[in-house]
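Each chain, letter by letter, is given below.
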Amino acid sequence: MWMRDFKRTEDEAVTNVANGVPANFQATTQRIPAMYYITQEKWTGTVTPKLILEAGFSFDKLDYNVRYQNGQTQAPFSPLWYSDVLLQDTGKNLRYNVGTMQQIYNFERYVVQGGGFYVTGPHQIKFGIQDSWGPAYQKTFMNGDLYAIEANGVPTSVSAYDTPVYNKPRLNADLGLYLTDTWKIKRLTITPGIRWDYLSNQIDRESAPAGRFVPARSFSAITCSTYKGISCFKDWAPRLGLVYDLFGNHKTALKAGVGKYETPLVSNNLQAFNPMFVTFQSRAWTNTTCTGPSCYPLDDQIGPAPAGAFGTLSPRSLDPNYHREYNMQYSVGVQKQIRNGVTLNFNWIRRDDYQQELIANQSVPSSAWTPYSITNPLDGTPIRMYNLAPSFRGLTAALYQTNAPRSLRANSYNGFETSLAGRLPHGAFIFAGWTIDRELARQCDQTAGTGNQLNDPNSLRYCDWYGDLHQELGQIASIPYRNEFKIQANLPLWYKFEISASLYSDPVYNTNFTLNYPPYGVTNAEPIFAGAQQGFKEVYWTLTSGTRYPANCNCPTPSAVVDPGLAQGAETIMLVAPGSRLTPQLNQLDIALRRAFVIRDRYTIKAESQIFNVLNANTVYSEAQTLTTSVTPFLKGGIGGVPTAILNPRMVRLVVQFKF
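Here the structure is a predicted model, which is why all the values come from computation and not from measurement.

Asker: A description of a nonpolar patch on the surface should follow, citing residues and the corresponding values.
Answerer: Among the surface-exposed residues, Tyr-244, Leu-246, Phe-247, Leu-254, Val-334, Phe-346, Phe-416 and Tyr-481 lie close enough to one another that they form a single nonpolar patch of about 670 Å² accessible area. Secondary-structure assignment places Tyr-244 in strand β18 (residues 233-245).

This is the structure:
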């Protein structure tokens with residue numbers, strides 16, 4: 001099979017408000033060329049009555065570019081390159097001139113697989129091999145190598161970037177060899193299995209010309225021989241499944257399973273060691289004579305760079321015994337056939353993560369931090385902050401990467417699932433499922449973040465959702481279980497019409513919790529388990545040495561400076577415990593009506609009408625959760641932050657499909 005996929009994205013003015021809403025069409029980006037190429041081949045052969053073999057190959061060519069609108073890309077260091085830059089007005093939330101940074105992607109993925117089945121007596125043996133490889137290159141560049149920033153037309157600052165950047169990760173091998181045997185002993189079916197995984201990836205040789213703020217750069221390839229432990233992972237993953245026919249009538253089955261699963265990696269384990277990366281720094285824009293969208297910063301109007309080498313990778317070493325992250329999955333369940341075509345299931349599922357990444361800054365010991373007490377502006381309770389001693393400020397980080405012990409970093413998911421699936425007479429179908437689950441996380445290893453790269457004890461506040469470690473820095477009560485419900489049904493009507501409906505109820509997912517503890521710049525995301533979308537409302541407070549208490553705070557010194565000794569950079573703290581405030585339940589109903597028309601047994605026309613969000617729910621998906629000048633919205637029982645996304649309104653979609 002060969003497929004060419006023409007693809008485009010909606011205009012950025014509708015779907016993307018990064019760096020402000022585009023004030024005009026020229027301030028948007030476009031995706032070109034809008035096409036992908038995919039080819040797949042598969043062969044299956046019966047060698048003997050007991051042996052079946054199969055093999056397959058696929059190739060994905062996914063090249064595309066995110067570019068300015070036509071004619072907006074300027075030659076580097078030309079007069080227009082300096083002037084035709086993205087201008088963001090933070091007061092008006094508008095963007096002018098051009099879109100966000102431009103990126104060119106070159107992604108190729110080759111995949112091969114082969115295997116077979118061998119049946120003999122009570123044994124069914126399955127074996128096989130899987131492998132994939134290919135480059136995932138990315139080039140990033142922009143006019144002027146900066147974003148200019150104004151506030152209500154007045155120049156304030158620039159975000160200076162280290163572009164152009166040529167990033168060249170490559171997957172050499174993602175190889176898996178597996179063997180399983182399904183063995184039946186009377187009513188018991190045992191399925192043991194073993195998998196051997198080999199991962200090899202690298203950063204190819206990279207070079208980029210000089211930019212406005214960085215010199216020309218050239219770096220040698222980075223492989224598993226450059227840093228022992230960075231790649232070339234070799235791991236065994238055993239698995240076991242059990243099924244027991246409880247009454248011997250094939251209608252009630254008890255099930256249990258346990259297995260080890262390696263965390264999928266392509267190149268993210270290498271990026272921390274890649275000397276070619278996109279970064280930026282904020283600098284003052286000192287233009288005092290120009291205002292409005294026609295302004296752009298000249299070199300002599302850009303303030304000095306902050307201390308430290310810009311665009312240079314911090315020194316980093318790696319534990320030579322560094323291991324690939326993995327998780328263990330456990331399940332126990334029962335399956336019951338109520339009647340022909342109708343099945344009831346109940347399952348318990350648990351997942352635990354192991355060998356997560358820990359990055360320590362060896363330049364800053366724990367003795368470098370001094371405690372300081374501030375007041376929670378929401379409820380007046382004390383918060384212990386930590387300030388970095390002056391002698392340790394601005395030191396070059398010496399980073400060391402290893403695996404965190406579960407005593408300091410852990411993640412676990414527990415879920416209880418029940419479902420009913422049935423195929424009813426006349427082609428009707430129904431499915432109903434209910435899940436109750438929660439995820440617990442512990443991240444008390446003070447891993448160095450991408451921001452200040454410090455082993456920051458301020459990150460220990462609410463760091464343990466299990467309720468064991470550092471509770472004196474933020475007590476966490478028991479994390480609540482949340483529930484998700486879904487029911488789907490399809491019913492044939494008269495004259496070959498069909499109607500289907502879906503009712504969905506789920507805690508709204510809060511994207512702040514895609515990481516264990518995002519305010520501190522964690523470099524690796526924890527696995528996002530299905531159903532772990534707990535929907536926590538939080539309140540964040542970003543502090544600098546000049547931050548003042550809100551005038552209406554519940555504190556003894558309204559409008560006073562919070563922590564004048566905070567000089568290590570901005571700190572972001574959570575003011576309410578995770579799980580203490582929950583998002584509302586999203587309830588959504590969708591309905592569809594369809595009919596297929598067959599013409600001369602050769603042509604089929606399918607017409608369908610779909611109504612999305614019949615109830616016209618306007619549930620808030622996400623909201624601004626950062627405390628600014630007033631505590632009123634964030635008090636217990638308050639309205640919360642300003643909504644930033646809500647469920648799409650009721651919409652009707654008409655579909656016509658023609659098959660021949």
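Moving on from the coordinates now.
Asker: Please give an account of the environment of Phe-485 that cites residues and values.
Answerer: Positionally, Phe-485 belongs in strand β30 (residues 482-492). Through-space distance from the C-alpha of Phe-485 to that of Ser-505 is 5.1 Å; in sequence the pair is 20 residues apart. Those residues in contact with Phe-485, other than ones at most four positions away along the chain, are Gly-433, Trp-434, Leu-503, Tyr-504 and Ser-505.

Asker: Break down the pattern of salt bridges for me, citing the residues and quoting the values.
Answerer: One pass over the full model with this rule turns up 15 salt bridges. Linking Arg-406 and Asp-352 is a salt bridge whose minimum nitrogen-to-oxygen distance equals 3.6 Å. One end of the pair, Arg-406, is in the loop between β27 (399-403) and β28 (409-423); the other, Asp-352, is in strand β23 (residues 342-354), with 54 residues separating them in the sequence. Judged by relative accessible area, Arg-406 falls into the partly exposed class, the value being 25%. The buried category is assigned to Asp-352, whose relative accessible area is 4%. Measuring nitrogen to oxygen at the nearest pair gives 3.2 Å for the salt bridge that ties Arg-442 to Asp-468. With Arg-442 in strand β29 (residues 429-443) and Asp-468 in the loop between β29 and β30, this residue pair connects regions lying 26 residues apart in the sequence. For Arg-442, a relative accessible area of 12% corresponds to the buried category. Since its relative accessible area comes to 53%, Asp-468 is described here as exposed. Through salt bridges with shared partners, one network takes in Lys-61, Asp-63 and Glu-108.

Asker: How would you explain the state of the cysteines if you had to name every residue and give the values?
Answerer: Overall, the coordinates contain four disulfides when judged by the stated rule. Shown here is the disulfide that connects Cys-224 with Cys-232, its sulfur atoms set 2.1 Å apart. Handedness here is read from the sign of the S-S torsion; for Cys-224 and Cys-232, about -55°, the answer is left-handed. Take the cysteines of the protein that form disulfides and number them in order along the sequence; they join up as 1-2, 3-4, 5-6, 7-8.

Asker: Requested: an account of the sheet that holds strand β20 (residues 280-284), with residues and values cited.
Answerer: With mixed pairing, the six strands of this open sheet are ordered in space as β2-β8-β7-β11-β12-β20. Each edge of the open sheet carries a strand with a single partner, namely β2 (21-22) and β20. Here strand β7 (residues 86-89) pairs with strand β8 (residues 94-96) via three bridges, running antiparallel. The residue of β8 that forms the bridge with Asp-89 is Leu-94.

Asker: Requested: an account of the nonpolar core, with residues and values cited.
Answerer: Among the nonpolar cores identified, the biggest contains 18 residues, and Ile-374, Trp-541, Leu-543, Ile-573 and Leu-575 are the most heavily contacted of them. Put simply, the parts of the chain that give this core at least two residues each are β26 (382-388) and β32 (540-543). With sequence-adjacent residues up to four places away left out, Leu-543 is seen in contact with Ile-374, Met-385, Val-562, Leu-566, Gly-569, Ala-570, Glu-571 and Ile-573. Within the second largest apolar cluster, 14 residues are counted, among which are Val-85, Phe-213, Trp-285 and Cys-290.

The rules we used
Residues numbered from 1 in each chain as written. Predicted model: local features only at pLDDT ≥ 70, side-chain atom pairs only at ≥ 80, totals over all residues. Heavy atoms only, no water. Patch = residues over 30% accessible without salt bridge, like charges linked within 9 Å, V, L, I, M, F, W, Y side chains within 5 Å. Areas by Shrake-Rupley, 256 points an atom, 1.4 Å probe, with all protein chains shown as cover. Salt bridge = Lys/Arg side-chain N within 4 Å of Asp/Glu carboxyl O. Helix = DSSP H or I, 4+ residues; strand = E, 2+ residues; numbered from the N terminus. Contact = heavy atoms within 4.5 Å. Buried < 20%, exposed > 50% of the residue type's maximum accessible area, 1.4 Å probe, protein only. Disulfide = S-S within 2.5 Å. Pairing = 2+ DSSP bridges. Core = buried A, V, L, I, M, F, W, Y, C linked by side-chain atoms within 4.5 Å.

As far as function goes, none of this settles anything; it's purely spatial.
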